[in-house]
Amino acid sequence: MNAKVMQADAGVCRPTAIGLVRSEVSGPDAPRHAAEMVRHAIGLGYQYVYTVRPPEGHADPIGFAVSVAVGIHAAALVVYDLATVGNTPSRVCDSLDLETVYPPETWAAATPADPAHAYPAPITSLAEASRIMQQHIACLAVLCPRKSLALHWLVRAGRVAPQTRSPRERAAARGIPFPPLPDDHPLLVGADARLLLEVLDGLTDPEADAAQLMTRLSPLTRD
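Residues numbered from 1 in each chain as written. Predicted model: local features only at pLDDT ≥ 70, side-chain atom pairs only at ≥ 80, totals over all residues. Heavy atoms only, no water.

**Describing helix 6 (residues 126-135)**
An α-helical turn contains 3.6 residues, so any two residues separated by three or four positions project in the same direction. Threshold: Three exposure classes are used, based on accessible area relative to the maximum for each residue type with a 1.4 Å probe and protein chains only: buried under 20%, partly exposed in between, and exposed over 50%. Runs of H or I in DSSP of at least four residues are treated as helices and runs of E of at least two as strands, each being numbered from the N terminus. Note that the arc is computed from the directions linking the helix axis to the C-beta atoms. Throughout, a residue-residue contact means that at least one pair of heavy atoms, one from each residue, lies within 4.5 Å.
Among the residues of helix 6, Glu-128, Ala-129, Ile-132 and Met-133 are the ones counted as buried. Down the axis of helix 6, the smallest arc covering the buried residues is 140°, so these residues share one side. Across from the buried face of helix 6, at angles greater than 90 degrees, the exposed residues are Ala-127, Gln-134 and Gln-135. Check the buried side of helix 6 and you find it contacts helix 7 (145-156).

**Examining the pairing of strand 3 (residues 76-79)**
Note the threshold: A pair of strands is considered paired only if DSSP assigns at least 2 bridges between the two.
Burial of the side chains of strand 3 extends over both faces: Ala-76 and Val-78 are buried on one face and Leu-77 and Val-79 on the other. Of the strand pairs in this sheet, strand 3 and strand 4 (residues 97-100) are connected by four bridges, and their pairing is parallel. Looking at strand 4, one finds that Ala-76 is bridged to Asp-97.

**Focus on the sheet that holds strand 4**
Backbone hydrogen bonds hold the strands of a sheet together, and the pairing may be parallel or antiparallel. Let me state the cut-off plainly: Throughout, an axis means a line fitted to C-alpha atoms (over the contacting stretch in the case of helices), and angles, computed between N-to-C directions, take values from 0 to 180 degrees.
What the five strands build is an open sheet, ordered 2-1-3-4-5; its pairing is mixed. Each of the sheet's edge strands pairs with one partner strand only, and the pair in question is strand 2 (47-52) and strand 5 (105-107). Going from strand to strand, the sheet's axes swing by 25° on average, the running direction of each strand aside.

**Regarding unusual backbone geometry**
Cis rather than trans, the peptide bond between Tyr-102 and Pro-103 has omega equal to -10°. Of note, Pro-103 is situated in the loop between strand 4 and strand 5. Backbone geometry at His-73 places phi at a positive 60°, although glycine is not the residue there. With respect to the helices, strands and loops of the structure, His-73 is situated in the loop between helix 4 (61-71) and strand 3.

**Some thoughts on the packing of helix 6 against helix 7**
Definition in use: Working rule for angles: under 35 degrees goes down as roughly parallel, over 145 as roughly antiparallel, 65 to 115 as roughly perpendicular, anything else as oblique. Crossing handedness is defined as follows: a turn of the near helix away from the far one that is anticlockwise and smaller than a right angle gives a left-handed crossing, while the clockwise case is right-handed. Under the grouping applied here, Gly and all other residues not named as nonpolar or charged are polar, the nonpolar ones being Ala, Val, Leu, Ile, Met, Phe, Trp, Tyr, Cys and Pro and the charged ones Asp, Glu, Lys and Arg.
Where helix 6 contacts helix 7, the axes come no closer than 9 Å and their chain directions differ by 140°. As the angle between them shows, helix 6 and helix 7 are arranged oblique. Two packed elements cross with a definite hand, and for helix 6 against helix 7 that hand is left-handed. Across the interface between the two elements, Leu-126, Ala-129, Ser-130, Ile-132 and Met-133 from helix 6 touch Arg-146, Lys-147, Ala-150, Leu-151, Trp-153 and Leu-154 from helix 7. In terms of residue class, the contact of helix 6 with helix 7 is made up of eight nonpolar, one polar and two charged.

Coordinates in, geometry out; function isn't part of it.
This is the structure:
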């Protein structure tokens, strides 16, 4: 049984959730999607309090919903599917859990961000977005939700052209060290392509010593 349901059955105060329905995504199915979101949230043990419906054509409907959720200290945002959040659950999970009805999945929130860099209230003007960009000029947008939201707003407003290369690629082109991100996996150092292929080929042998083969990839054990 889901932990949230167990908490609700035990009389523990239930976490709150709000939903997000975007008419431009759900279309005529919007009422059905909203009803299924309510049932899904209650079934998980949430106290469902509100369904956010940003005006069609809003510059940042996802950021708007996240700001509302954060403002009322909700634990989760419920959507029908990932299309509602632009197939980018990280936009939500920087601040709170994301629950999808179809498929029924929970996208857990990341470690709480520094309040100084958390999502702000909904941005309503170019001046406000520009001010946030200046205040967080030293931040990486991929690590600072506040700068990320301001940048997204300026891109949608046509004031900033989106980059065609990632921050890591741009840093490499300028010879600037790029700090590892929280989700980065350690890179394998010391193994060239030929050695890697030899090890992979060796692993197909059922009698091979896998542990011995893998030591060949360690720079500490190579000749």
